[in-house]
2 protein chains.
Amino acid sequence: MREPIAVLVLGTGQMGSGIARLVLRKRGLRLAGAYCRRQRRAGTDLGIAIGVEKTLGLPLDHDLSHLLTTTRPDIAIQATCSRAEEAWGEIEQLLIRGVNVISIAEEMAYPCYAAPALAERMDKLARSHGVAVLGTGVNPGFILDLLVILLSGACADIRRIQARRVNDLSPYGPSVLASQGVGLSPEAFAAGVADGTVAGHIGFPESLHLIADSLGWAIQRIEQQRKPIISRTSRLTPFISIKPGQVAGCHHTAVAYVDGEAVIRLDHPQQVLPGSEGVITGDFIEIHGTPDIHLAGTPEIPGGEATAALAVNMIPRVLNASPGLHNMADLPVPGALLGDARMLLNDRKRDGHD
Amino acid sequence: MREPIAVLVLGTGQMGSGIARLVLRKRGLRLAGAYCRRQRRAGTDLGIAIGVEKTLGLPLDHDLSHLLTTTRPDIAIQATCSRAEEAWGEIEQLLIRGVNVISIAEEMAYPCYAAPALAERMDKLARSHGVAVLGTGVNPGFILDLLVILLSGACADIRRIQARRVNDLSPYGPSVLASQGVGLSPEAFAAGVADGTVAGHIGFPESLHLIADSLGWAIQRIEQQRKPIISRTSRLTPFISIKPGQVAGCHHTAVAYVDGEAVIRLDHPQQVLPGSEGVITGDFIEIHGTPDIHLAGTPEIPGGEATAALAVNMIPRVLNASPGLHNMADLPVPGALLGDARMLLNDRKRDGHD
């Protein structure tokens, strides 16, 4: 059998650390090293950095080029940012060195929306170096798009689609809470939406385009709304304390129009401790068509865990993919990696790597 | 743009007719003709045969070779049988003539279980003629396998999987009801299970292997059970009348063992009029792992409609696929075909066909 698949992790925040810990546990994968954006973290042992309570003999490296030379990875998982423009610099270096890339940057789920010229360059560069690039994550990339697309496959016709994800922000730290406007007054929330500091969910246009492309719908326009979820109760998490009248979260919705009709509605109210006001969290998909399809799960599939799992589980699918830029809807479905990852590599690629 | 995709339908029973009607309605597809297994139906106009209440100028043909010469289809959808061995004769002719194939024969969802040697021949023949073969359908092929695999992609680890589909057999005719033992006495049901006439659901080993292969589990053995669902009430459908004490359906289960543990349990109780005893139909998936995932929809996704939709919706995915034998887990997810099917063909293949 070939050598274990060498995996580089970019980013050692909460997501990058979770991904690295998962890589360590999977048969057929080898954690080759990790890149850190912050120079002051360089040199820290990777094991300590990701909280596995033992040293791994792999220092965090702030110099990606040096790290690529020393580790020679087969694939890299990028967990450093949300925007495609910001992801590009690192991805470009990886592709030029012939490294396959999985990014959890939200815009990378469908980069030709936010950065069409970049997406084209990325695709060409990946092809010319014989490697594949994929953006994935729980959302965009899975619940409000891939799952919807899959279920639509059982339909002869569709009039409209509604997908709703109601989740709890309590596990998240200050930067996520700030981007959702949690703890603000309603007035400060409105100002934050206006100046872009309250972003809400990143990834709605990406999910809408993933769905529309797969189904053959041409989107005319997308409308997004960010409304404050104003608390009637006191809510306390390890990261924030909210008083009645303050903002507990952001109810972000996005609607795609095709032929003048609102055909896809995505609905994603995110708040801390929704249960304190009796709100039930979960994932809810409704397809109105022939036949109607309703599928729901409660509580919601936990976002952080699912994103880390998807990034790692997609490794064999990306190594098997044709060179170029991919999305979750043009590769085979993800599946949990429970055996040796090398056994899932197809022969052609396995030969190529040996 | 290229010519519409020419689609041949094999079989004009309930499923074949539904598929042909759907092909007629889809932009970018052209219904090229239909093959009938029963000689006495040959010559009937296809429009009349499939119930669209107008003639199409396409006579049903009992001679597949002749039909292929006159229609020159790009792809054929086979709806003539359930078993891979029985499907082979027609598939062989199609492949040799360079026609891509989608089959709804249950065993074709994963033919290397029931007919491994045949599956290998099929794969080789398809490759040598540059075309792709796929088995699909609601089950196996979608709910109890593909959907499970997709959801597992959000998991870091899985201890066990349970998927349950509770459905209503009332829309089905005498041959389906007989294969489920509906209307029999409990004693006759037991005898039917013993001699194979009460088959229950066809496709459990296929679903189990689709899941296990995708996740990297090696199945040691599969155990199946078929138990009668004995009615306590009188039940009447257009096709059958059942008295209390008679069999209303078959509760068929299958369990896959890996390393001595029962890791996948599929559960498919099928009966006529389950509501008459308060049974709620639906699709229910439980993955016990990290994280746990529960997803459910009720009532069940209707099987006949979904199978016809999947067969047609997969057309562009199969035309885009590499030559050879495929299954639903190694192609991109299905999606409803709502635009022109030709727009979903990738460039390489589109060029190849022009």
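Remember, it's a predicted structure, so these values are computed and weren't measured experimentally.

### Concerning the overall build of chain A
Part 1 of the reasoning: When its secondary structure is counted, chain A shows 13 helices and 14 strands.
Part 2 of the reasoning: Computed over the C-alpha atoms, the radius of gyration of chain A is 21 Å, within 12% of the 20 Å expected from 2.2 N^0.38 for a compact globule of 354 residues.
Part 3 of the reasoning: Projected onto the principal axes, the alpha-carbon positions of chain A cover approximately 55 × 50 × 35 Å.
Part 4 of the reasoning: When each of the 354 residues of chain A is scored for burial, the buried share is 59%.
Part 5 of the reasoning: Relative to all contacts within chain A whose residues are 6 or more apart in sequence, the contacts with residues 24 or more apart total 73%.
Part 6 of the reasoning: Positive and negative side-chain charges in chain A, numbering 33 and 36 respectively, have mean positions lying 4 Å apart.

### Quick word on the sheet that holds strand β5 (residues 132-135) of chain A
Residue and element names in this part refer to chain A.
Part 1 of the reasoning: Overall, parallel pairing links the six strands, which are arranged β2-β1-β3-β4-β5-β14 in an open sheet. Each having just a single partner strand, β2 (29-35) and β14 (324-326) make up the two edges of the open sheet. Along the sheet, successive strands turn relative to each other by an average axial angle of 20°, direction set aside.
Part 2 of the reasoning: Lying on the sheet, helix α4 (residues 84-96) is in contact with β1 (5-10), β2, β3 (75-78), β4 (100-103) and β5; it crosses β3 at an angle near 175°.

### Here we look at the interface of chain A and chain B
Part 1 of the reasoning: Across the contact, 49 residues belong to chain A and 49 residues belong to chain B.
Part 2 of the reasoning: Summing the contributions of chain A and of chain B, the shared interface buries around 3,800 Å²; its carbon and sulfur component is 65%.
Part 3 of the reasoning: Notably, a salt bridge pairs Arg25(A) with Asp157(B), separated by 2.3 Å at the nearest N-O pair.
Part 4 of the reasoning: Our enumeration of links across chain A and chain B arrives at 15 residue pairs in polar contact (both at pLDDT 80 or more).
Part 5 of the reasoning: Of all the secondary structure elements, the ones that give two or more residues to the side of chain A that touches chain B are α1 (14-25), α7 (146-152), β6 (157-168), α10 (204-215), β13 (293-297) and α11 (303-313) of chain A.
Part 6 of the reasoning: Looking at the side of chain A that touches chain B element by element, the count peaks at six residues for α7(A).
Part 7 of the reasoning: Here the residues of the side of chain A that touches chain B sort into 31 nonpolar, 11 polar and seven charged.

### A look at the sheet that holds strand β3 (residues 75-78) of chain B
Picture the strands of a sheet paired through backbone hydrogen bonds; they go either parallel or antiparallel.
All names here are of chain B.
Part 1 of the reasoning: The six strands are arranged β2-β1-β3-β4-β5-β14 in an open sheet whose pairing can be described as parallel. Only two strands of the sheet have a single neighbouring strand rather than two, namely β2 (29-35) and β14 (324-326). On average, each strand axis in the sheet is inclined to that of its neighbour by 20°, with strand direction left out of account.
Part 2 of the reasoning: Two strands pair when backbone bridges link them, and strand β1 (residues 5-10) and β2 are joined in this way by six bridges, in the parallel orientation. Note on β2: the bridge partner recorded for Ile-5 is Leu-29.

### As for the relation of the copies chain A and chain B
Part 1 of the reasoning: Superposition of chain A onto chain B requires a rotation of 180° combined with a translation of 0.0 Å along the rotation axis, giving an RMSD of 0.0 Å. Taken together, the rotation and translation describe the operation of a two-fold axis. Within chain A, Pro332(A) has its C-alpha nearest the rotation axis, a separation of 2.2 Å.
Part 2 of the reasoning: When the interface residues of chain A are mapped onto chain B, 100% of them again fall at the interface, so both copies present the same face.

### Concerning the packing of aromatic side chains
Part 1 of the reasoning: Summed over the entire model, instances satisfying the criterion amount to zero aromatic pairs over all chains.
Part 2 of the reasoning: The ring of Tyr257(A) has Arg221(A) sitting right over it, with the charged end atom 3.8 Å from the ring centre.

### Looking at the pattern of salt bridges
Part 1 of the reasoning: Counting across every chain of the model gives 30 salt bridges over all chains.
Part 2 of the reasoning: With a shortest N-O distance of 3.0 Å, Glu223(B) and Arg221(B) are connected by a salt bridge.
Part 3 of the reasoning: Within the structure, one salt-bridge network assembled from shared partners comprises Arg37(A), Glu86(A) and Glu90(A).

### So, the environment of Leu151(A)
Part 1 of the reasoning: Within the secondary structure layout, Leu151(A) lies in helix α7.
Part 2 of the reasoning: Once the C-alpha coordinates of Leu151(A) and Ile293(A) are considered, the two residues, 142 residues apart in sequence, prove to be 7.5 Å apart.
Part 3 of the reasoning: The contacts of Leu151(A), once residues within four sequence positions are left out, are Ile285(A), Ile287(A), Ile293(A), Leu295(A), Phe142(B), Leu147(B) and Ile301(B).

### Quick word on the side chain of Thr80(B)
Residue and element names in this part refer to chain B.
Part 1 of the reasoning: Tracing the sequence through the fold places Thr-80 in the loop between β3 and α4 (84-96).
Part 2 of the reasoning: For Thr-80, a relative accessible area of 19% gives the class buried.
Part 3 of the reasoning: In this structure the side chain of Thr-80 is engaged in a polar contact, spanning 3.3 Å, whose partner is the side chain of Arg-37.
Part 4 of the reasoning: Looking at Thr-80, its side chain comes within polar contact range of the side chain of Glu-90, at 2.8 Å.
Part 5 of the reasoning: Setting aside its immediate chain neighbours within four residues, Thr-80 contacts Leu-10, Gly-11, Tyr-35, Arg-37 and Glu-90.

### Focus: the packing of helix α1 (residues 14-25) of chain B against helix α11 (residues 303-313) of chain B
Residues and elements named next belong to chain B.
Part 1 of the reasoning: One way to put it is that α1 packs onto α11 with a least axis distance of 9 Å and a crossing angle of 50°. Relative to α11, the element α1 lies oblique. α11 is crossed by α1, and the crossing has right-handed handedness. On the side of α1, the interface is formed by Met-15, Gly-18, Ile-19, Leu-22 and Val-23, while α11 contributes Gly-304, Thr-307, Ala-308, Ala-309, Ala-311 and Val-312.
Part 2 of the reasoning: Each residue belonging to the contact of α1 with α11 can be placed in one class, and the counts come to eight nonpolar, three polar and no charged.

### Points about the pairing of strand β6 (residues 157-168) of chain B
The side chains of a regular strand alternate between the sheet's two faces.
Residue and element names in this part refer to chain B.
Part 1 of the reasoning: Across nine bridges, β6 lies against strand β12 (residues 282-290) in antiparallel orientation. Paired with Asp-157 across the bridge in β12 is Thr-290.
Part 2 of the reasoning: Across six bridges, the pairing between β6 and strand β11 (residues 261-271) is parallel. When the sheet's bridge partners are listed, Arg-164 is paired in β11 with Asp-267.

### Quick look at the environment of Gly260(A)
Part 1 of the reasoning: Positionally, Gly260(A) belongs in the loop between β10 (247-258) and β11 (261-271).
Part 2 of the reasoning: With 41 residues separating them in the primary sequence, Gly260(A) and Ile219(A) have C-alpha atoms 9.4 Å apart.

### What about the pairing of β2(B)?
Part 1 of the reasoning: Most of β2(B) sits out of view: six of its seven residues are buried.
Part 2 of the reasoning: Handedness of the β1(B)-α1(B)-β2(B) crossover: right-handed.

### Quick look at unusual backbone geometry
Part 1 of the reasoning: In this structure, the amide linkage connecting Asn139(A) to the following residue, Pro140(A), adopts the cis form with an omega of 5°.
Part 2 of the reasoning: Following Thr290(B), the chain continues to Pro291(B) via a peptide bond in cis, the omega torsion being -5°.
Part 3 of the reasoning: Its identity is not glycine, yet Leu273(B) carries a phi of approximately 50°, on the positive side.
Part 4 of the reasoning: Structurally, Leu273(B) can be placed in the loop between β11 and β12.

About the cut-offs
Residues numbered from 1 in each chain as written. Chains lettered and ligands numbered in written order. Predicted model: local features only at pLDDT ≥ 70, side-chain atom pairs only at ≥ 80, totals over all residues. Heavy atoms only, no water. Helix = DSSP H or I, 4+ residues; strand = E, 2+ residues; numbered from the N terminus. Rg over C-alpha atoms; globule rule 2.2 N^0.38 Å. Buried < 20%, exposed > 50% of the residue type's maximum accessible area, 1.4 Å probe, protein only. Contact = heavy atoms within 4.5 Å. Lys, Arg positive; Asp, Glu negative; His and termini not counted. Charge placed at Lys NZ, Arg CZ, Asp CG, Glu CD. Pairing = 2+ DSSP bridges. Axes fitted to C-alpha atoms, helices over the stretch in contact; angles between N-to-C directions. Buried area = accessible area lost by both parts, 1.4 Å probe. Salt bridge = Lys/Arg side-chain N within 4 Å of Asp/Glu carboxyl O. Polar contact = N/O pair within 3.5 Å; in protein donor to acceptor, adjacent residues only side chain to side chain. Nonpolar A, V, L, I, M, F, W, Y, C, P; charged D, E, K, R; others polar. Least-squares fit on C-alpha atoms with pLDDT ≥ 70 in both. Phe/Tyr/Trp six-rings, centres within 6.5 Å; stacked < 30°, edge-to-face > 60°. Lys NZ or Arg CZ within 6 Å of the ring centre and 35° of its normal. Parallel < 35°, antiparallel > 145°, perpendicular 65-115°, else oblique. Left-handed = near helix turned anticlockwise from the far one by under 90°. Right-handed = clockwise from strand over helix to strand, strands pointing away.

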